[in-house]
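# Examination of the molecular architecture
Listed here are the chains, written in short residue letters.
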Amino acid sequence: MAVLKVKFTKTKRDKLAQILWILNWISVVSGIVLFSLGLFLKIEIKKRNEVMAKGDINSVPNMLISVGVIACIINFLGGKICYDCSDANKFSRWKLVMLPYIVCTLCFTFCILVGALMCYAMRNELEESLYLGLRDAIKYYKDTDIPGRCFLKRTVDLLQIGFQCCGNSGFRDWFEVQWVSPRYLNMASKDVVDRLKSNVDGKFLVDGVPFSCCNPSSPRPCIQYQLTNNSAHYNYDFLTEELNIWVKGCREALLDYYTAIMRSIGIAALLIWLFELSVLIGVRYLQTAMKNVLLLGDLEGESDGWLLENSFVETVKRNINIIKNFGKVSQISTVSGMSDPTTDVANTNCGKNDVTKKSIPAAS
């Protein structure tokens, strides 16, 4: 029994073809939207690739870009097919193409769904990339004279100012690295020498942060150094007073920023997927209705259209059997009564009722 069978008159078939022609052109626009969203995400990631570890974080934008290009091509072809389907004579040229087109479009719409879901699944991978990238960026913050790292200080400072954050997980991350370049350390100072000697690795560590961590909204002048020393500042209590530097870590700030972008892109991709799926269902109805018109031979009469010619279970079983026996078509069965499961044509004797059978003589 056909699944979701609908009866179409010639007028309904013509209207369905015209509506699908318009919807396919709208789908071309949706493909451009997907391409633009993927390109936007790729550019946003590339802007801050210096604070991101190398990984597969570009897989989502690359997939959206690819799907967007394919959407434009497929829906452009679909618009041409649906436009010709308003005429039964023109439909005959597309009759053998429409079913493969529908199958390819179904796989394509599934890719849109995968792309939408990947936008939500990308958070953990992005968080790890940001953690490793920011850790290295903070570590090499002082290396302003080394090629390949000389711009990291500027990048990190602009990042902390723009996103109102400090450090990787928080401002204490700066306490664990030497972020002051050795060229700016006064080696004649006893305090500097003592700090270098007190550290096992010979690093100049201080409980201070770069100027870009300062919060300009604070009424108090920025305290960058000796953040944990109450006696170093007048009327200052490190444990109770709110610090006048950014408390949020840059990893959290960037993660929130990209998560909001990917959530919006994911919602847009899901809406486009639902729209593409509805267009595909309409094309399937049009294809089966026009096919049945040609079978009936009455181009002006009514015809049935459906999503599946047989039930869902029967369709799945039949396709599984075809896949299992794919490549075995050329093999000749030696079992009596066994037929090729990839065909629906029954074995016949082609009208010859009295075929003489050759017998094998018995051994004497």
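What you see as residue numbers is a count from 1 along each chain, following the sequence as written. The model is predicted, so local features are restricted to residues of pLDDT at least 70 and side-chain atom pairs to those at 80 or more, both for listing and for counting; the totals for chains, interfaces and linings are taken over all residues. Processing note: side-chain calculations cover all non-hydrogen atoms of the structure and skip hydrogens and water entirely.

## As for the overall build of the protein chain
Each helix corresponds to a stretch of at least 4 residues labelled H or I by DSSP, and each strand to a stretch of at least 2 residues labelled E; elements are numbered beginning at the N terminus. A tally of helices and strands in the protein chain yields 8 helices and 2 strands. Element order for the protein chain, N to C, with α for helix and β for strand: β-α-α-α-α-α-α-α-β-α. Taken over 364 residues, the protein chain has a buried fraction of 37%. When contacts within the protein chain are restricted to residue pairs at least 6 apart in sequence, long-range pairs at least 24 apart make up 72% of them. Accessible area is worked out with a 1.4 Å probe on protein chains only. A residue is then buried under 20% of its type maximum, exposed over 50%, and partly exposed in between. The contact criterion used throughout is that any non-hydrogen atoms of two residues lie within 4.5 Å.

## Quick notes on the packing of aromatic side chains
Any Phe, Tyr or Trp ring, taking Trp's six-membered ring, that has another such ring centre within 6.5 Å forms a pair; planes under 30 degrees apart are called stacked, those over 60 apart edge-to-face, and the others tilted. Applying the stated criterion across every chain yields a total of 8 aromatic pairs. Measuring from ring centre to ring centre gives 5.3 Å for F163 and Y257, while their planes differ by 80°; the resulting arrangement is edge-to-face. With F163 in helix α5 (residues 152-163) and Y257 in helix α7 (residues 250-296), this pair connects stretches of sequence that are 94 residues apart. Geometrically, the ring pair formed by Y257 and Y258 is edge-to-face, given 5.3 Å between the ring centres and 75° between the ring planes.

## What about the UniProt feature "transmembrane region" (unreviewed entry) in the protein chain?
The UniProt feature table records "transmembrane region" (unreviewed entry) at residues 20-40, 60-78, 98-121 and 265-286. Here residues 60-78 is 100% helix and 0% strand, with 26 Å between the C-alpha atoms at its ends. Here residues 265-286 runs as 100% helix and 0% strand, with 31 Å between its end C-alpha atoms. UniProt positions are given in the numbering used here, feature names are shortened, and annotations may be inferred rather than shown by experiment.

## Regarding the side chain of E276
On the secondary structure map, E276 appears in helix α7. Within this scheme the basic residues Lys and Arg register as positive and the acidic residues Asp and Glu register as negative, but His and the chain ends are omitted. The term salt bridge refers to a side-chain nitrogen of Lys or Arg lying within 4 Å of a carboxyl oxygen of Asp or Glu. Buried charge without a salt bridge: E276, with R284 as the nearest opposite-charge side chain at an N-O distance of 16 Å. Polar side-chain contacts of E276 include one of 3.3 Å to the side chain of S30. Sequence-distant contacts of E276, that is, excluding residues within four places in its chain, are made with S27, S30, N75, F108, T109 and I112. Pairs of N or O atoms are called polar contacts if they sit within 3.5 Å, as long as, within protein, a hydrogen donor faces a hydrogen acceptor (for residues adjacent in sequence, only side-chain-to-side-chain pairs).

## Quick look at the environment of R284
Its location among the elements puts R284 in helix α7. Classification of R284 by relative accessible area gives buried; the value is 15%. A C-alpha to C-alpha distance of 7.0 Å links R284 and I102, two positions 182 residues apart in sequence.

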